[in-house]
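# Survey of secondary and tertiary structure
What follows is each chain in one-letter form.
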2 protein chains.
Amino acid sequence: MADVPSREQILDAAERLFSARGFSSTTIKQIGHAAGVNSALLYYYFEDKERLYRAVLERLVSQLVRRTLERLKANASPSDRIRGFIEAQVETFVANPELPRLFMREMLDHHAAHAVEQIQHLAATSFKALCDTIAEGQKQGTFRSDLDPRFAAISTVGQVAYFFLARPAVRILLATGRDIPHQTTLSFARHAADFSLAALTCGVTAERPKWRAP
Amino acid sequence: MADVPSREQILDAAERLFSARGFSSTTIKQIGHAAGVNSALLYYYFEDKERLYRAVLERLVSQLVRRTLERLKANASPSDRIRGFIEAQVETFVANPELPRLFMREMLDHHAAHAVEQIQHLAATSFKALCDTIAEGQKQGTFRSDLDPRFAAISTVGQVAYFFLARPAVRILLATGRDIPHQTTLSFARHAADFSLAALTCGVTAERPKWRAP
DNA sequence: GTCTATAGGTGGATAGAC
DNA sequence: GTCTATCCACCTATAGAC
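Here the structure is a predicted model, which is why all the values come from computation and not from measurement. (Residues numbered from 1 in each chain as written. Chains lettered and ligands numbered in written order. Predicted model: local features only at pLDDT ≥ 70, side-chain atom pairs only at ≥ 80, totals over all residues. Heavy atoms only, no water.)

## Let's talk about the interface of chain A and chain B
Between chain A and chain B, the contact holds 53 residues from the first and 53 residues from the second. Between chain A and chain B the total buried area reaches about 5100 Å² when both faces are included, carbon and sulfur atoms providing 76% of it. Our count for the contact surface shared by chain A and chain B stands at two salt bridges. With a shortest N-O distance of 2.8 Å, Arg-105 of chain B and Asp-109 of chain A are connected by a salt bridge. Scanning the region where chain A abuts chain B turns up 13 residue pairs in polar contact (both at pLDDT 80 or more). Per-element tally for the side of chain A that touches chain B: the top contributor is helix H8 (residues 149–165) of chain A, with 13 residues. (Contact = heavy atoms within 4.5 Å. Buried area = accessible area lost by both parts, 1.4 Å probe. Salt bridge = Lys/Arg side-chain N within 4 Å of Asp/Glu carboxyl O. Polar contact = N/O pair within 3.5 Å; in protein donor to acceptor, adjacent residues only side chain to side chain. Helix = DSSP H or I, 4+ residues; strand = E, 2+ residues; numbered from the N terminus.)

Have a look at this one:
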């Protein structure tokens, strides 16, 4: 708490506040206070509020990309790699509960956007790789081929992301207390993998693709 | 454009702006301008900015609840009702692109929350009803019984919600232009129903449930 | 009902001492 | 590097004329 450089403390505090309250309702003074430094100091390390925000996003996104790509490149069957992808996604979200929220906020705000590049990076790497894995499984005959692999990728990622994003609704539905127990999160991770793989492998036959690029 | 009462115009403008920019970065003056009235008039119709926000949320949530419940109560098989639910969700989101965004923002902000009641209402009615439909399908033997119906409901709702929420990422992945064509949205709706039903019906046997309440 | 004008407060950012 | 003090812009909300 004491020996951490101020710059890091500022980034950590900003990460927490931006994801909890969003960009515009977080004030420079709040961040300074949470980081235990004077708010004027933020301008010593960062040009302005927006640059600070971008620095926070970059740290987080690179982490997610790295972790998910690792698992997808493993030398395993498409099914196992998809399981690995979902595990990596959940692990990253558990370790960094701010990430999905901050990321979703950024997408919601993207019209007045700050960080479209990060989103593009994520979509072009991690998301794309999942997509390719599904397509490979289809080519091998492991997965049913009448699904658009890109749609299937959205479904796979979406259900997990939603679990973490829609916590208030999820908590009510699961009737958990103020917090969702870690065990429940792990159960859902397993469920999500089962659900996606069931959908992907259900009724596999050698029929030709029915979907075409929209 | 001319004969619409000011109150409605204000609500419409507020709905658009709040969902596009969020609560705190939308200003009273922006809303007044977009509604074509003086910003001071907002205080004639609404006590303050937050009450206006709540009024917007209430309108939207009641709409979604009504539409989805209609379909789930129809006198059809669980599979058909789930298809109907997804269709209703997509139709509502298409007709009201602001809804999912505003709703997600509200969930992200729920720590400093304005409208927890609406979220609870939605979770306790629409979401719960989907859950019950899945459980019914399991009891009938149509759906595999080794899935937690609540988890399956989250997966079902989540993939559709994510498609609408993560538009910047989806656009890049699908390589569409600035907008996602309506046809693509319809295709995804069909996909989502196929995906969920495949996952729910895959390998149906008379085995006993493997999941237990978390 | 709808407007003009403005009070009162807060936020981002800078200057400059230490 | 870190702080104090402060400027200016802008935002919510109100007072009061029409």
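## Quick look at the protein's contact with DNA strand D
In the vicinity of DNA strand D, 15 residues are found, and the nearest of them are Asn-38 and Tyr-45 of chain A together with Ile-28, Tyr-43 and Lys-49 of chain B. Each atom of DNA strand D within 4 Å of the protein belongs either to a base or to sugar and phosphate, the latter forming 70%. Contact distances for DNA strand D include 3.0 Å between a phosphate oxygen and a side-chain N or O atom of Ser-6 of chain A. In this structure, a phosphate oxygen belonging to DNA strand D sits 2.7 Å away from a side-chain N or O atom of Tyr-45 of chain A. For the surface near DNA strand D, the secondary-structure elements that each account for two or more residues are helix H3 (42–45) of chain A together with helix H2 (28–35) of chain B. Residues of the surface near DNA strand D, tallied by class, amount to eight nonpolar, four polar and three charged. (Near = heavy atom within 4 Å. Nonpolar A, V, L, I, M, F, W, Y, C, P; charged D, E, K, R; others polar.)

## Section: the nonpolar core
In terms of nonpolar packing, the biggest core is built from 145 residues, with Leu-52 of chain A together with Leu-52 of chain B touching the most fellow members. Ignoring sequence-local partners within four residues, the contact set of Leu-52 of chain A consists of Ile-10, Leu-11, Ala-14, Phe-18, Ile-31, Leu-42 and Phe-46 of chain A. (Core = buried A, V, L, I, M, F, W, Y, C linked by side-chain atoms within 4.5 Å. Buried < 20%, exposed > 50% of the residue type's maximum accessible area, 1.4 Å probe, protein only.)

## Observations concerning the protein's contact with DNA strand C
Around DNA strand C there are 15 residues in total, and Ile-28, Tyr-43 and Lys-49 of chain A together with Asn-38 and Tyr-45 of chain B lie nearest to it. Across the atoms of DNA strand C situated within 4 Å of the protein, the share located in sugar and phosphate is 72%. Between a phosphate oxygen of DNA strand C and a side-chain N or O atom of Lys-49 of chain A, the distance comes to 2.9 Å. Elements represented by at least two residues in the surface near DNA strand C include exactly helix H2 (28–35) of chain A together with helix H3 (42–45) of chain B. A class-by-class count of the residues in the surface near DNA strand C yields eight nonpolar, four polar and three charged.

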